[in-house]
Amino acid sequence: MVVKNMMQKLTEQEKISKDILIQLFEETYNAGALCCRNAPGYPVLSSKGSLPAVLGYDTEESLLKDNVLFVDLVFDEDKDSVLKVMEKAVAENSSFSIEFRCHGRDGMPVPLCGAVVYLKNTGHILLSFIKTDETIWDRIFRLLPCGICRVAVDNVFTIMQANEIYYDIYGYTSADAAAAGFTNEKFIIHPDDFESVRHEVGHCLELMDSPTFEIEHRVIMRDQSTGWVLVKGYIDKAGGECCLNCVLLDISDRKKAEEELRISEEQNRIAFLSTENHMDIYNVKTHVLEHPYDDGDDERPNRLENVPYSVIAAGQVEGDSIRDYMQLFDSISKGNPEGRYTIQMAARDGGAFGWYEIKYRLIFDKSGSPERAILSYKDVTSQREKSLAYEKWSRFFEQQKASSLGYYEYNLTKNLYAGSEESLLNTLPGHIQSFTEAVGYYLEHCVYEEDRKKYLQFYSRDRLLSAYYSGTKTDYIEYRRIRDGNVIFWAAGTVQLISDPYTEDVRAFILVQDIDDKMQRRIRMKNQIEVDSLTTLFNRGTAVKKITAGLADKETGCRSMLAMLDIDHFKGINDAYGHQFGDRVLGDVGKVLSSMTGAHDVFGRMGGDEFILFLTGIPSADAAEKRLLDIISSLNIEYDNPDTTVSVSIGAVYPCGSLTFETLYSEADAALYESKKGGRNRFGIRHRAF
């Protein structure tokens, strides 16, 4: 538009002098202008404006002093293109935009852009310019928000020019690319795609039906991952040299989504045709086996690598089936489109081994190579296993009758009871017919009161059915029962849940056994581990563990107190009356403290005559002091033989709050020291704010 407006002005003033025309150029381009004669080399007649200064000359005269030719001012590499524009302006008596580099006075190139106009009436050529720091291509490369490059049509597509976005697509900067040798397209195009890209470009060059082309191909990113680009290009043959002006878009995400969609559609199609219980997807190239759906009770990882070898090494395949399992994956690798194998292997929920029919179908990539296999699993041992299990457990429970308290069989599905005539304990009344009624009867007549809630929850019909359908086949409970004469003893209930092989009803075999001797031994062993034998209080390790657990409860901590207690002058008692009497004193202190222990209190012997007390449920500082006073008073023990009195001193911290056991122990110990220093047979307490 600028050139057009200028030409209209020139047409209106055909007879004006060249100086006025140059002035007109200056007004249009507000920079500098040259007037040249239409002769070889285009001699420069005059120069106006800032052009001499732009080129580094002091004055117009210094620029023109040697009868300079315009062509000598032009940078060598740009001369051919500039001369073509000049010749075209003269031949067509028209105006054209022009962009080139001039030699500055210091020899460095100076980029200029402007217009060329041929004045036929005078035979002169006018050129007006402004200085620019970048070429038209530079500006295009900088401003367009996509990857752009110009490449030569040679064997490797040498990169002539590219913007930063182009390099960024591949994870490089222009500097990084140069350092890495990334100077041509062959460096970045995937090796498997390079020949097809060359063929496509060559085909376009031969036909030239359209100067534009479009190609999608894979590329190697800087991190060596594979990506995809869309290349839209223009075949440029200007100036006799052929190059490709290209715009690139990163379409990796689109290609990934397309491939995932394709595979997903194929998977869904195969799954629709399948009626098996489970499905896996096997990647033929990476040997990874993935389970696409979360079954909840599936204990096997959803992703397994190095299959089939890792599965066999983990002991998931029964020995006699290993060969068939290997043949299954060998068939997949060879590209057999489908297959079927029967394998004995571990259940997905981590249960016993079973027989599974495994069918697979292959998905092939575009080149026809096997890419993924869809494996479906069907448990074909169900009926056989049900029958074998039913017979097995029937025989087992039959054998256990003689040594059991009772043996019962129930149909949980129909809520029916089949009475056991040989039951050794609490035969059911005849009016009780259902499983739930039987549970209620035993709960009321046989189960110790404190264990009734646990017993009722365990033998809930809904819970047992839910457990069976969730994969649980065996369950166990320990609880206390009542014998004749209200004797409490420990019993165990073993429940085996089995599907009836003929009706599919869930049946429960229940065996009740007397485990009182075993439980009493366990309790005694636990006491030996946790209890101080001399005082019957907790030993040091157990006391610290239980107190630490209690402090973890914030509510308990806010209403609890930690106290340290020791016996006054205990060393003197030992020295005066002997260690046997000293042990008697320790035992008596333990008995008194045991009688004063609350439901959630923890009393323990730390060693020697030192005791630790963790008292809970204390609502106030006054209540804390009252508890300590009661303990002090109760432990004023008088002896007749020998004639002596024993007392204790206590140091305490209240409330415990969120302090750690170590901090509380240290503060209570310090309070104990202050208490003993103040005269013994007393307590000291450190009060902390709630």
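Please read these numbers as outputs of a predicted model, since none were measured by experiment.

Time to look at the overall build of the protein. Looking only at helices and strands, the protein has 24 helices and 28 strands in total. Going through the 690 residues of the protein one by one, you find that 44% of them count as buried. For the protein, the share of sequence-separated contacts (at least 6 apart) that also reach a separation of at least 24 residues comes to 54%. Carbon and sulfur atoms form 50% of the exposed surface of the protein, whose accessible area is close to 36,900 Å².

Per the stated rule, a full pass over the model turns up 31 salt bridges. With a shortest N-O distance of 3.1 Å, Glu478 and Arg522 are connected by a salt bridge. Taken as a pair, Glu478 in strand β19 (residues 474–483) and Arg522 in helix α18 (residues 516–530) lie far apart in primary sequence, 44 residues in all. The partly exposed category is assigned to Arg522, whose relative accessible area is 39%. Here Arg686 makes a salt bridge to Glu674, at a shortest N to O gap of 3.0 Å.

Tracing the sequence through the fold places Glu371 in strand β16 (residues 370–379). Here Arg262 takes part through its side chain, which lies 3.1 Å from a polar atom of the side chain of Glu371. Glu371 has contacts with Glu259, Arg262, Ile263, Tyr282, Asn283, Val284, Lys285, Ile363, Phe364 and Asp365, leaving out every residue within four places of it along the chain.

Another point: the environment of Ile685. Among the structural elements, Ile685 can be located in strand β28 (residues 683–687). Relative accessible area serves as the criterion here: at 19%, Ile685 is assigned to the buried category. Sequence-wise, Ile685 and Leu562 are 123 residues apart; in three dimensions their C-alpha atoms are separated by 9.7 Å. Once you skip the residues sitting within four places of it in the chain, Ile685 turns out to touch Met561, Ala624, Glu625, Leu628, Ala652 and Tyr654.

With that out of the way, let us pick up the sheet that holds β28. Two strands in a sheet stick together by hydrogen bonds in their backbones, pointing the same way (parallel) or opposite ways (antiparallel). Strand order in the open sheet formed by five strands is β23-β24-β22-β27-β28, and the pairing between neighbours is mixed. Two strands close off the open sheet at either side, each with one partner strand: β23 (602–607) and β28. Averaged over all pairs of adjacent strands, the angle between strand axes in this sheet comes to 15 degrees, irrespective of strand direction. Direction of pairing for strand β22 (residues 561–567) relative to strand β24 (residues 610–615): antiparallel, over a ladder of six bridges. Note on β24: the bridge partner recorded for Met564 is Ile612. Sheet contacts for helix α24 (residues 661–677): β22, β23, β24, β27 (648–654) and β28; angle to β27, the most-contacted strand, approximately 140 degrees.

All right, on to the packing of helix α19 (residues 540–551) against α24 then. The contact between α19 and α24 brings their axes to 10 Å, and the two run at 115 degrees. Between α19 and α24, the crossing angle belongs to the class labelled roughly perpendicular. Packed against α19, whose contacting residues are Arg540, Val544, Ile547, Thr548 and Leu551, the element α24 presents Phe661, Leu664 and Tyr665 at the interface. Taken together, the residues that form the contact of α19 with α24 break down as six nonpolar, one polar and one charged.

If you trace the backbone, Arg507 turns up in strand β21 (residues 506–514). For Arg507, a relative accessible area of 17% corresponds to the buried category. At 2.7 Å, the side chain of Arg507 and the side chain of Glu409 are in polar contact.

Moving on, we get to the environment of Lys359. When you line up the elements, Lys359 lands in strand β15 (residues 353–364). Separated by 20 residues in the primary sequence, Lys359 and Gly339 have C-alpha atoms spaced 5.7 Å apart.

Moving on: the packing of aromatic side chains. The geometry of an aromatic ring pair is captured by the separation of the ring centres together with the interplanar angle, meaning the angle of the planes. For the structure on display, the rule yields 23 aromatic pairs. Relative to Phe329, the ring of Tyr325 has its centre 5.1 Å away and its plane inclined at 70 degrees; by these criteria the two rings are edge-to-face. Placement of both Tyr325 and Phe329 in helix α13 (residues 322–333) is noted, with a separation of four residues, approximately one turn of the helix. Ring centres of Tyr468 and Tyr469 lie 5.2 Å apart, and the angle between their planes is 75 degrees; this geometry places the pair in the edge-to-face category. Here the aromatic residues Tyr166, Tyr167, Tyr170, Tyr172, Phe182 and Phe187 are joined through ring pairs into a cluster of three or more. Between Lys255 and the ring centre of Trp228, over which it is positioned, the NZ or CZ distance is 4.4 Å. In this structure, Arg483 packs its charged tip against the face of Phe489, placed 3.8 Å from the ring centre.

On to the environment of Tyr170. As for its position among the elements, Tyr170 is in the loop between α8 (164–169) and α9 (174–180). Expressed as a C-alpha distance, the spacing of Tyr170 and Asp250, which sit 80 residues apart in the sequence, is 8.8 Å. Leaving out residues up to four positions away in the same chain, Tyr170 has contacts with Phe182, Glu185, Ile188, Val219, Met221, Arg222, Val229 and Leu248.

Further remarks concern the pairing of strand β17 (residues 406–411). Where burial is concerned, most of β17 is hidden: six out of the six residues are buried. Neither face of β17 is exposed, since Gly406, Tyr408 and Tyr410 on one face and Tyr407, Glu409 and Asn411 on the opposite face are all buried. Here six bridges tie β17 to β21, and the two strands are oriented antiparallel to one another. Residue pairing across strands places Tyr408 opposite Ile510, the latter belonging to β21.

The subject of this paragraph is the confidence of the model for the protein. Confidence in the prediction for the protein averages 83 pLDDT; 85% of positions are at 70 or higher. Note on residues 421–425: pLDDT under 50 across the span, and twelve contacts to partners over four residues away in sequence or across chains.

It is the contact of helix α21 (residues 570–577) with helix α22 (residues 579–595), at a shortest axis distance of 7 Å, that shows an interaxial angle of 135 degrees. Classified by the interaxial angle, the pair formed by α21 and α22 is oblique. Along its contact with α21, which presents Phe570, Ile573, Asn574 and Tyr577, the element α22 presents His579, Phe581, Gly582, Val585 and Leu586. Of the residues assigned to the contact of α21 with α22, the class counts are six nonpolar, three polar and no charged.

Rules used throughout
Residues numbered from 1 in each chain as written. Predicted model: local features only at pLDDT ≥ 70, side-chain atom pairs only at ≥ 80, totals over all residues. Heavy atoms only, no water. Helix = DSSP H or I, 4+ residues; strand = E, 2+ residues; numbered from the N terminus. Buried < 20%, exposed > 50% of the residue type's maximum accessible area, 1.4 Å probe, protein only. Contact = heavy atoms within 4.5 Å. Areas by Shrake-Rupley, 256 points an atom, 1.4 Å probe, with all protein chains shown as cover. Salt bridge = Lys/Arg side-chain N within 4 Å of Asp/Glu carboxyl O. Polar contact = N/O pair within 3.5 Å; in protein donor to acceptor, adjacent residues only side chain to side chain. Pairing = 2+ DSSP bridges. Axes fitted to C-alpha atoms, helices over the stretch in contact; angles between N-to-C directions. Parallel < 35°, antiparallel > 145°, perpendicular 65-115°, else oblique. Nonpolar A, V, L, I, M, F, W, Y, C, P; charged D, E, K, R; others polar. Phe/Tyr/Trp six-rings, centres within 6.5 Å; stacked < 30°, edge-to-face > 60°. Lys NZ or Arg CZ within 6 Å of the ring centre and 35° of its normal. pLDDT = per-residue confidence, 0-100.

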